[in-house]
Amino acid sequence: MEKEERKYDMCKAFMDMKLEGIEEGMEKGKTIQLIEYVCKKLLKNKPAEVIADELEEELSVVEHIVKIQRRTGNYDANEIFEMLQENA
């Protein structure tokens, strides 16, 4: 019985890890999408305040994305995302 309990716990642990990975992937996708939207609006020379209002996002989040975009010098959402992760 003890071995079965351990096996069940391991199965549950693997399933929990899989679910965490899926959630992380979904969160990454949402963040990259937000970065893409912010970059599109930056290309239209919109200020961070307007972008935050239009996207219904916190100004501090948009300002952080803008700051990283300016540091990278490009509009590559994946590169900006990676820099956001490094600075988190």
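The numbers attached to residues start from 1 for each chain and follow its sequence in the written order. Reporting of local features is limited, given that this is a predicted model, to residues whose pLDDT is at least 70; pairs of side-chain atoms are given and counted only at 80 or more, and all residues count toward the totals for whole chains, interfaces and linings. Computation of side-chain values covers all heavy atoms of the structure but excludes hydrogens and water.

## Brief notes about the overall build of the chain
Here is step 1 of the chain: Runs of E in the DSSP output that reach at least two residues are strands. Runs of H or I that reach at least four are helices, and both are numbered from the N terminus. Within the chain, the regular secondary structure consists of four helices and zero strands.
Here is step 2 of the chain: Listed by position from the N terminus, the elements making up the chain come as α-α-α-α.
Here is step 3 of the chain: Counting over 88 residues, the chain shows a buried share of 24%.
Here is step 4 of the chain: Every residue pair with non-hydrogen atoms within 4.5 Å of one another is taken to be in contact. Put simply, of all contacts in the chain between residues at least 6 apart along the chain, 41% involve residues at least 24 apart.
Here is step 5 of the chain: Working definition of accessibility: Shrake-Rupley area with a 1.4 Å probe, residue cover restricted to the visible protein chains. Total accessible area computed for the chain in this model is approximately 6900 Å², and 51% of it derives from carbon and sulfur atoms. Exposed residues in this analysis have more than 50% of their type's maximum accessible area, buried residues have under 20%, and partly exposed residues fall in between, with area computed by a 1.4 Å probe over protein chains only.

## Observations regarding the pattern of salt bridges
Here is step 1 of the chain: Put simply, a salt bridge is a Lys or Arg side-chain nitrogen that is within 4 Å of an Asp or Glu carboxyl oxygen. One pass over the full model with this rule turns up three salt bridges.
Here is step 2 of the chain: Of the charged contacts in the structure, one is a salt bridge between Lys12 and Asp16, with a shortest N-O distance of 3.1 Å. Of this pair, Lys12 and Asp16 both sit in helix 1 (residues 2-43), separated by four residues, roughly a single helical turn.
Here is step 3 of the chain: By relative accessible area, which is 43% here, Lys12 ends up partly exposed.
Here is step 4 of the chain: Across the pair Glu54 and Lys46 runs a salt bridge, and its minimum N-O distance is 3.1 Å.
Here is step 5 of the chain: Among the residues examined, Glu54 registers a relative accessible area of 37% and is labelled partly exposed.

## Digging into the nonpolar core
As a rule of thumb, nonpolar side chains are buried together in soluble globular proteins.
Here is step 1 of the chain: In terms of nonpolar packing, the biggest core is built from 18 residues, with Ile35, Val38, Val62, Ile65, Val66, Ile80 and Leu84 touching the most fellow members.
Here is step 2 of the chain: Among the secondary structure elements, those contributing two or more residues to this core are helix 1, helix 2 (48-55), helix 3 (59-72) and helix 4 (77-86).
Here is step 3 of the chain: No other element matches the six residues that helix 1 contributes to this core.
Here is step 4 of the chain: Leave out the neighbours within four places in its chain, and Leu84 touches Ile35, His64, Ile65 and Ile68. We call a set of buried Ala, Val, Leu, Ile, Met, Phe, Trp, Tyr and Cys residues a nonpolar core when their side-chain atoms join them within 4.5 Å.

## Quick notes on the packing of helix 3 against helix 4
Here is step 1 of the chain: Their axes nearest at 9 Å, the elements helix 3 and helix 4 cross at an angle of 110°. Taken together, helix 3 and helix 4 sit at an angle that is classed as roughly perpendicular. The two elements helix 3 and helix 4 cross, and the hand of that crossing is right-handed. The segment helix 3 lies against helix 4, with His64, Ile65, Ile68, Gln69, Arg71 and Thr72 engaging Glu79, Ile80, Met83 and Leu84.
Here is step 2 of the chain: Charged means Asp, Glu, Lys or Arg here, nonpolar means Ala, Val, Leu, Ile, Met, Phe, Trp, Tyr, Cys or Pro, and polar covers whatever is left, Gly included. Here the residues of the contact of helix 3 with helix 4 sort into five nonpolar, three polar and two charged. Throughout, an axis means a line fitted to C-alpha atoms (over the contacting stretch in the case of helices), and angles, computed between N-to-C directions, take values from 0 to 180 degrees. Convention used here: angles under 35 degrees read as roughly parallel, angles over 145 as roughly antiparallel, angles from 65 to 115 as roughly perpendicular, and any remaining angle as oblique. A crossing counts as left-handed when the near helix is turned anticlockwise from the far one by less than a right angle, and as right-handed when that turn is clockwise.

Read these as geometric descriptors, not functional statements.
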